[in-house]
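# Commentary on secondary and tertiary structure
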Amino acid sequence: MNDVEIHSRTQSGRVHAAGVAIKDLRKSYGSNEVLKGISLDVAPGEVVCLIGPSGSGKSTLLRCVNLLEQPNEGSIHVGGFDATDADVDIDKMRRKVGMVFQQFNLFPHLNALRNCTIAQTKVLKRPQAEADKIARANLERVGLGHLADRFPDQLSGGQQQRVAIARALSMDPELMLFDEPTSALDPETVGDVLSVMRNLAKEGMTMLVVTHEMGFAREVADRVVFMDGGVVVEEGVAEQVIGSPTQGRTKEFLRRVLDPTHIEIAE
Amino acid sequence: MAMTARQRARVSLYVQAGIFVVAMAALILATDWKTLTTNVFNFGKIGPMFPDIFFSGLKNTLIYTFLGFIVGLSGGLLLALMKLSSFPLYRWIATGYIEFFRGIPALLVFIAFGYGVPLAFGVQWNVAVVVMVSLGMVAAAYIAETLRAGLQAVPRGQMEAARSLGMPQWRAMVTIVIPQAFRIVLPPLTNEVILLTKDSSLIYVLGLTAAQYELTKFGRDGISSLGAGLTPLLVAGAFYLVVTIPLSLLARKFESRSARTKR
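Basis of the calculations
Residues numbered from 1 in each chain as written. Chains lettered and ligands numbered in written order. Predicted model: local features only at pLDDT ≥ 70, side-chain atom pairs only at ≥ 80, totals over all residues. Heavy atoms only, no water. Helix = DSSP H or I, 4+ residues; strand = E, 2+ residues; numbered from the N terminus. Rg over C-alpha atoms; globule rule 2.2 N^0.38 Å. Buried < 20%, exposed > 50% of the residue type's maximum accessible area, 1.4 Å probe, protein only. Contact = heavy atoms within 4.5 Å. Areas by Shrake-Rupley, 256 points an atom, 1.4 Å probe, with all protein chains shown as cover. Lys, Arg positive; Asp, Glu negative; His and termini not counted. Charge placed at Lys NZ, Arg CZ, Asp CG, Glu CD. Buried area = accessible area lost by both parts, 1.4 Å probe. Salt bridge = Lys/Arg side-chain N within 4 Å of Asp/Glu carboxyl O. Polar contact = N/O pair within 3.5 Å; in protein donor to acceptor, adjacent residues only side chain to side chain. Expected span 1.5 Å × (residues − 1). 1 Å grid on protein atoms, 1.4 Å probe; cavity = no way out; pocket = protein on both sides within 12 Å on 5 of 7 lines; lining within 4 Å. Points joined across faces, edges and corners; volume = space filled by probe spheres on them. Nonpolar A, V, L, I, M, F, W, Y, C, P; charged D, E, K, R; others polar. UniProt positions renumbered as here; feature names shortened; annotations may be inferred. Pairing = 2+ DSSP bridges. Axes fitted to C-alpha atoms, helices over the stretch in contact; angles between N-to-C directions. Core = buried A, V, L, I, M, F, W, Y, C linked by side-chain atoms within 4.5 Å.

Time to look at the overall build of chain A. Each helix and strand counted, chain A has nine helices and twelve strands in total. Its C-alpha radius of gyration of 19 Å places chain A within 12% of the 18 Å reference for a compact globule of 267 residues. The principal-axis extent of the C-alpha atoms belonging to chain A is close to 65 × 45 × 40 Å. Split into buried and exposed, the 267 residues of chain A put 54% on the buried side. Restricting to contacts in chain A with at least 6 residues of sequence separation, those with at least 24 account for 64%. Carbon and sulfur atoms make up 47% of the accessible area of chain A, which totals about 11,600 Å². Charged side chains in chain A number 30 positive and 37 negative. The centres of these two groups are separated by 5 Å.

It is worth spelling out the interface of chain A and chain B at this point. The partner chain B presents 19 residues to the 23 residues of chain A that form the contact. Roughly 1,800 Å² of surface becomes buried between chain A and chain B when both sides are summed, with 59% attributable to carbon and sulfur atoms. In this assembly, chain A and chain B are joined by two salt bridges. We note a salt bridge from Asp 91 of chain A to Arg 163 of chain B, for which the minimum N-O separation is 3.4 Å. On inspection of chain A and its partner chain B, the count reaches six residue pairs in polar contact (both at pLDDT 80 or more). For the side of chain A that touches chain B, the secondary structure elements donating two or more residues are helix H2 (90-94), strand E8 (97-100), helix H3 (112-122) and helix H5 (157-169) of chain A. No other element matches H3 of chain A, which puts three residues into the side of chain A that touches chain B.

With that settled, consider H5 of chain A. The terminal C-alpha atoms of H5 of chain A, which comprises 13 residues, lie 18 Å apart, in line with the 18 Å expected from a rise of 1.5 Å per residue. The element H5 of chain A is extensively covered by neighbouring structure, given that twelve of its 13 residues are classed as buried. If you check which residues of H5 of chain A are buried, you get Gly 158, Gln 159, Gln 160, Gln 161, Arg 162, Val 163, Ala 164, Ile 165, Ala 166, Arg 167, Ala 168 and Leu 169 of chain A. On its buried face, H5 of chain A sits against E8, H3, helix H4 (128-141), strand E9 (175-179) and helix H6 (187-202) of chain A together with helix H7 (156-164) of chain B.

Glancing now at empty space enclosed by the protein. A full pass over the atoms with the stated rule returns two cavities of 30 Å³ or more. Broken down by secondary-structure element, the contributors of at least two residues to the lining of the second largest cavity are E8 and H5 of chain A together with H7 of chain B. For the lining of the second largest cavity, the per-class residue count stands at five nonpolar, two polar and one charged.

Our focus in this paragraph is the side chain of Asn 115 of chain A. Residue and element names in this part refer to chain A. Turning to its location among the elements, Asn 115 is positioned in helix H3. Under the relative-accessibility criterion, Asn 115 is labelled buried at 1%. With residues up to four places along the chain from it excluded, the contact list for Asn 115 reads Leu 106, Phe 107, Leu 110, Pro 152, Val 163 and Arg 167.

What the rule picks out here adds up to 21 salt bridges over all chains. The residue Glu 219 of chain A makes a salt bridge to Arg 198 of chain A at a minimum N-O spacing of 2.6 Å. You can see Glu 219 of chain A sitting in helix H7 (residues 214-220) and its partner Arg 198 of chain A sitting in helix H6, a full 21 residues away along the chain. For Arg 198 of chain A, a relative accessible area of 23% translates into the label partly exposed. A cluster of three or more residues bridged by salt bridges with shared partners is formed by Arg 63 and Glu 69 of chain A together with Arg 156 and Glu 160 of chain B.

So, on to the UniProt feature "domain: ABC transporter" (unreviewed entry) in chain A. Residues given the UniProt feature "domain: ABC transporter" (unreviewed entry) here are residues 20-254 of chain A. Secondary structure across residues 20-254 of chain A comprises 37% helix and 26% strand; the distance between its end C-alpha atoms is 26 Å.

Quantified by volume, the second largest pocket comes out at close to 710 Å³. Elements that contribute at least two residues to the lining of the second largest pocket include exactly H2 of chain A together with helix H3 (52-83), H7 and helix H8 (169-199) of chain B. Grouping the amino acids of the lining of the second largest pocket by side-chain chemistry returns 16 nonpolar, four polar and six charged.

Glancing now at the sheet that holds strand E12 (residues 231-237) of chain A. Residues and elements named next belong to chain A. Spatial strand order, E8-E9-E10-E5-E11-E12: six strands in an open sheet with mixed pairing. This sheet does not close on itself; its edge strands, each paired only once, are E8 and E12. Sheet twist, expressed as the average angle between the axes of neighbouring strands with direction ignored, equals 15°. Pairing of strand E11 (residues 223-228) with E12 involves six bridges; the strand directions are antiparallel. Within E12, the position partnered with Val 224 by the bridge is Gly 236. Where helix H1 (residues 58-65) meets the sheet, its contacts fall on strand E5 (47-51), E8, E9, strand E10 (206-210) and E11, and the angle it forms with E9 comes to roughly 150°.

In this structure, Leu 61 and Leu 208 of chain A together with Ile 203 of chain B are the most contacted members of the largest nonpolar core, which totals 98 residues. Those residues in contact with Ile 203 of chain B that lie beyond four places of it in its chain are Tyr 64, Phe 110, Val 127, Val 130, Val 131, Leu 208 and Glu 214 of chain B. Of all hydrophobic cores here, the second largest spans 48 residues; its members include Ala 168, Val 209, Phe 216 and Ala 221 of chain A.

All right, on to the environment of Arg 126 of chain A then. All names here are of chain A. Assignment of secondary structure puts Arg 126 in the loop between H3 and H4. Expressed as a C-alpha distance, the spacing of Arg 126 and Glu 174, which sit 48 residues apart in the sequence, is 18 Å. Sequence-distant contacts of Arg 126, that is, excluding residues within four places in its chain, are made with Gln 120, Thr 121, Ala 131, Ile 134, Ser 170 and Asp 172. At a separation of 2.8 Å, a polar atom in the side chain of Arg 126 contacts the side chain of Asp 172.

Next comes the structure, spelled out in structure tokens:
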């Protein structure tokens, strides 16, 4: 039915890609329904960007995928896992799903290298030497191989976010979730993080990205999903949704985001 | 006639200094120095207290404090985790324990474990065990509240990041959250050790052999054996300061360090 089964990628042989299938997902906080029946598929190797105004539920949707939020209704399949099955091994599932947070959430008591090895040794039980090697390769991959000994408070926001990406990649995830990864960054460091994500997309990583970076979405995303008020309003190829949206709400949102200084003149 | 603000401040300073000097002079003149130096603090009687004060008094105070702290820290951590548990029974037990042991005098706990428990269960308890249990159980109540605050001060994102990497709850707690919580509570925890150092004196309610004397009991014993007024007790007091003031400085250092890293 859905092409969510894990399939190996041929180029690297190491990376697998997992798809996501979300069906009729509902999530409420008390009487406030944040997700009102969302259905969304991400094919293995596909990059999907979630855009929409704040409060539209896109972050909640993303957090439901690795069960940081517990959905009330509907189903989520990630790779071979049924995330909404009460008996699912959450920890085992999360090993396949990398998560990058808006606030980085690096472990402040560990240096960059240890941030990237701690879960490898404690969760995957890799030997320290092997974990170090993988961590260094991933720090190199995000352009921070030379800062492996630095602690988070000795790194800029952009560098911290790139370490956070390296930390997630060190677990060999089959899917990467990004929750507004550049929203907390100084403007001059945004580009470095986006270029790391662009490379990741090129390598064939399955990515679900909540972002306000329309340029990035347009260039990198295979598909863009516009959400508003807890529902998917419009989805399609990036060029079409961002370039020539059909829905009024999408047009309105894009006009505000792309031209924030625009002033409505009353007629 | 009219004074500037600076002149007024200077006059005020002179007046305060004058009052202080007069008060000190009055105190010195009013003191009966002969009685004070023979019956209260007799310098000549300090000598005989050495070196025993190191090998029984100070040594035992440090040992008792350490034992109490180890039990208090482990018990406190357990209680703090119980208090933050999502399982109501654990929270109730922890809250009950903390309120009980914070609410009664530590002296009663020492009596209960020194006399009550051995009588009730027909066991013979070593003094070190009584101190360890009594001091530890009281300390656990206070340390639990300190650690709970520390655990809650670790941002929620830390737990989320750890769980997202596939760590089970307990693993994330042990490797990520608890180490950060300890950093946060290092200054109040050091203050806790200072309180324990002083409370270890409560063991005096038990009959101790000379080898078991800690500083306070050592000082009290000196009063009767040396007949030196309060001298031994005052010297013992000074020895407490030798332990507690460096701890205080350490706590302050931790505090300024964590203030720096927080920016």
